[in-house]
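Residue-level structure breakdown
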Amino acid sequence: MALKNILRSKLGFGAAPLGNMFRDIPEAEALSTVEAAWNDGIRYFDNAPFYGAGLAEIRMGEALAAKPRDQYVISTKVGRVILDELEDVSARDLGEKGDVFKYGRPNKIVNDYSEDATLRSIEDSLKRLKTDRIDIAFVHDVAQDFYGDEWLDVFETARKGAFRALDRLRDEGVIKAWGLGVNRVEPIELLLGLDTPRPDGFLLAGRYTLLDHDRALQRVMPLVAERGLGIVAGGPYSSGALVGGPNFEYAPATPVILDKVARIKALADRHGISIKAAGLQFSLAHPAVAAVIPGASKPERIAEDGAALNETIPAEFWRDLRKAGLVNPEAPLPL
C-alpha cells in the first residue's frame with residue numbers, strides 16, 4: 001500500500017534522538033517528548049533498532065503503551081539485529097555515523113539483511129515497541145555511507161533476503177508497506193529500476209532538504225511521484241545545520257554549508273519567518289513527499305515543529321530564495 005495512503009499526518013516523529021543521539025538523554029525527558037508529540041496531534045512515529053541499539057524502540061514502546069493502537073502508525077527498520085551480548089561501543093564500525101549513538105545501549109549490533117534476520121528483527125522490534133504489529137518496515141542503510149565500496153554487495157544480499165521477505169509479509173497483510181530507509185538516493189534509484197520486488201515508498205533522510213535536494217529532485221522524486229508511492233523526508237534540518245546547529249550530515253558543517261545557511265537565514269529574517277518553517281514547508285511542497293519527520297529529544301521542540309508547519313510564509317520569500325539561487329529552479333515551492 002502506498003505510503004500516502006497509510007500515514008496519518010504530514011508531520012511525523014523521528015525517533016533517532018530517543019536512542020541517545022549525540023547526548024545522554026534522561027529517561028523522563030525522552031518519554032515526555034513522545035507524549036508531547038502525541039498531544040500535538042502527531043500520529044506517525046518512525047524508529048529503528050539501530051537507534052541506540054534498541055533504546056529508542058524501548059522508550060517509544062513505553063511511551064505509547066497506553067495509546068490506542070489503531071490511532072497511530074509505526075515504521076521501523078530491518079537490517080540490524082540487536083543481541084543480548086555486549087560490545088565495546090567505541091569499536092563499532094558505523095560508517096559516517098561513528099559517534100552518533102555512543103551514548104546508546106552497549107548491546108552488540110549485527111548487520112544482517114537476510115530473510116531470517118529480517119523476520120527476527122521484526123519480532124524483536126515488536127517486543128521492544130510493545131505492540132502487535134508494525135505498519136511500515138524500511139530496509140535500513142543499504143548505501144555507500146555505511147558500506148562504502150561494498151554497498152552493492154550488501155544491496156544484493158538485501159534484494160535476495162529482506163526485500164523478498166518484506167514483499168511477502170506485505171502481500172500476506174502482516175505489514176502494510178515496505179521500502180528503503182536510507183541517506184543516499186542511489187539505492188532508491190536502483191530498487192526502482194527492478195521489475196520486482198515492489199516497494200511502497202521510501203524514507204530518505206537528509207536528501208530532500210533546503211540545503212541538499214538537487215540529486216534527489218533529479219533522480220528519484222519524479223519516479224516516486226509518477227508511481228504514486230511516497231517519500232518520508234527525514235532529517236529536514238540537515239542534522240541541525242539549517243537551524244543553527246554545528247553539524248551537517250552527522251559531522252561538523254563546512255564553510256560552504258554555513259554560508260548557505262546564513263544566506264537563507266538572512267532572507268527568512270527579512271521576511272519575518274522562521275527558518276524551521278521554511279525547511280519543513282519546502283520538503284512537503286514536493287508531491288512525492290508523504291510526510292516529514294524531524295527528530296526531537298525535548299518536548300519544546302515538538303511545539304516548535306508544529307508551529308513551523310502551520311506558519312504562513314509569504315510567496316515573496318520563496319521567489320527571493322529562487323532568485324538568489326538557493327533552491328534548484330525545478331524544485332516545487334509552496335507558493
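What comes next concerns the included structure. Note that the structure is predicted; figures quoted are calculated from it, not measured. (Residues numbered from 1 in each chain as written. Predicted model: local features only at pLDDT ≥ 70, side-chain atom pairs only at ≥ 80, totals over all residues. Heavy atoms only, no water.)

**What to know about the packing of helix H1 (residues 27-39) against helix H2 (residues 55-64)**
One can describe the packing of H1 onto H2 by two numbers: an axis separation of 9 Å at closest approach and a directional angle of 55°. Overall, the two elements H1 and H2 adopt an arrangement that is oblique. With respect to the hand of their crossing, H1 and H2 are arranged in right-handed fashion. Contacts from Glu27, Ala30, Leu31, Val34, Glu35 and Trp38 of H1 reach H2 at Arg59, Glu62, Ala63 and Leu64. Its residues assigned to classes, the contact of H1 with H2 shows six nonpolar, no polar and four charged. (Axes fitted to C-alpha atoms, helices over the stretch in contact; angles between N-to-C directions. Helix = DSSP H or I, 4+ residues; strand = E, 2+ residues; numbered from the N terminus. Parallel < 35°, antiparallel > 145°, perpendicular 65-115°, else oblique. Left-handed = near helix turned anticlockwise from the far one by under 90°. Contact = heavy atoms within 4.5 Å. Nonpolar A, V, L, I, M, F, W, Y, C, P; charged D, E, K, R; others polar.)

**A word on the nonpolar core**
Counting residues in each nonpolar core, the largest one holds 100 residues, and the members touching the most others are Phe13, Phe45, Val139 and Leu180. One finds Leu7, Phe138, Val232 and Ile293 within the second-largest nonpolar core, a separate group that totals 14 residues. (Core = buried A, V, L, I, M, F, W, Y, C linked by side-chain atoms within 4.5 Å. Buried < 20%, exposed > 50% of the residue type's maximum accessible area, 1.4 Å probe, protein only.)

**Some remarks on the sheet that holds strand S9 (residues 231-234)**
What the eight strands build is an open sheet, ordered S1-S2-S3-S6-S7-S8-S9-S12; its pairing is parallel. Each end of this open sheet is capped by a strand with a single partner; those strands are strand S1 (13-14) and strand S12 (289-293). Bridge count for strand S7 (residues 177-182) against strand S8 (residues 201-205) is four bridges, and the pairing is parallel. When the bridges of S8 are listed, Gly179 appears paired with Gly201. Relative to the sheet, helix H10 (residues 275-284) contacts S9 and S12, its axis offset from that of S12 by approximately 155°. (Pairing = 2+ DSSP bridges.)

**A word on the pattern of salt bridges**
Close approach of charged atoms lets side chains of opposite charge pair. Taken as a whole and assessed by the stated rule, the structure comprises 32 salt bridges. The salt bridge partner of Arg168 is Glu172, with a shortest N-O separation of 3.7 Å. Given the relative accessible area of 51%, Glu172 is considered exposed. Measuring nitrogen to oxygen at the nearest pair gives 4.0 Å for the salt bridge that ties Arg319 to Glu316. Here Arg319 pairs with Glu316, and both are found in helix H12 (residues 315-323), just three residues apart, close to one helical turn. A relative accessible area of 47% places Arg319 in the partly exposed class. Judged by its relative accessible area of 42%, Glu316 falls in the partly exposed class. Through salt bridges with shared partners, a single network forms among Asp167, Arg170, Asp171, Arg198 and Asp200. (Salt bridge = Lys/Arg side-chain N within 4 Å of Asp/Glu carboxyl O.)

**Re helix H9 (residues 255-270)**
Taking 1.5 Å per residue, 16 residues should reach 22 Å; H9 reaches 22 Å between its end C-alpha atoms and fits that length. Each element contacted by the buried residues of H9 is listed here: strand S10 (247-248), H10 and H12. Two residues or fewer after H9 comes Gly272, characterised by a positive phi angle close to 70°. (Expected span 1.5 Å × (residues − 1).)

**Looking at H10**
Given 3.6 residues per turn, any residue in an α-helix points the same way as the ones three and four places further on. Counting buried positions along H10 yields ten of ten residues, so the element is predominantly enclosed. Turning to H10, its buried residues number three or more, namely Ile275, Lys276, Ala277, Ala278, Gly279, Leu280, Gln281, Phe282, Ser283 and Leu284. Tucked into the core, H10 has its buried residues touching S9, H9, S12, helix H11 (299-310) and H12.

**Here's the deal with the side chain of His140**
Here His140 shows up in strand S6 (residues 136-140). Among the polar contacts listed, one links the side chain of His140 to the side chain of Arg80, at a separation of 3.2 Å. Other than its neighbours up to four places away in sequence, His140 contacts Ala48, Phe50, Tyr51, Lys77, Val78, Arg80, Tyr113 and Gly181. (Polar contact = N/O pair within 3.5 Å; in protein donor to acceptor, adjacent residues only side chain to side chain.)

**As for the packing of H9 against H12**
Where H9 meets H12, the closest approach of the two axes is 10 Å, and the angle between their N-to-C directions is 150°. It follows from the interaxial angle that H9 and H12 lie roughly antiparallel. Considering how the two elements wind past one another, H9 and H12 form a crossing that is right-handed. Touching Ile264, Leu267, Ala268 and Arg270 of H9 are Phe317, Asp320 and Leu321, all from H12. Here the residues of the contact of H9 with H12 are counted per class, giving five nonpolar, no polar and two charged.

**A few points about the environment of Glu304**
Looking at where Glu304 falls in the secondary structure, it is placed in helix H11. For the pair formed by Glu304 and Ala277, sequence separation is 27 residues and the distance between their alpha carbons is 9.1 Å. Side-chain polar atoms of Glu304 contact the side chain of Lys276, separated by 2.8 Å.

**Observations concerning the packing of aromatic side chains**
Enumeration over the complete set of coordinates arrives at 14 aromatic pairs. Residues Trp38 and Phe45 carry aromatic rings whose centres are separated by 6.5 Å and whose planes lie at 15° to one another, so their mutual orientation is stacked. With relative accessibility at 0%, the residue Phe45 sits in the buried group. Look at Trp38 and Tyr72: their rings are 5.8 Å apart centre to centre, the planes differ by 80°, and that puts the pair in the edge-to-face class. (Phe/Tyr/Trp six-rings, centres within 6.5 Å; stacked < 30°, edge-to-face > 60°.)

**Focus on the pairing of S8**
Burial analysis of S8 places five of its five residues in the buried class, the great majority of the element. With burial as the criterion, each face of S8 is covered, one bearing Gly201, Leu203 and Ala205 and the other bearing Phe202 and Leu204.

**Things to note about the side chain of Arg43**
For Arg43, the position within the fold is in the loop between H1 and strand S2 (44-46). As a buried residue without a salt bridge, Arg43 has its nearest oppositely charged side chain in Glu35, at a separation of 8.8 Å. For Arg43, the side chain forms a polar contact with the main-chain oxygen of Trp38, separated by 2.8 Å. If we skip the residues at most four places from it in the chain, Arg43 touches Arg8, Ser9, Trp38, Gln71, Tyr72 and Val73. (Lys, Arg positive; Asp, Glu negative; His and termini not counted.)

Without other data, these values stay purely geometric and don't point to any function.
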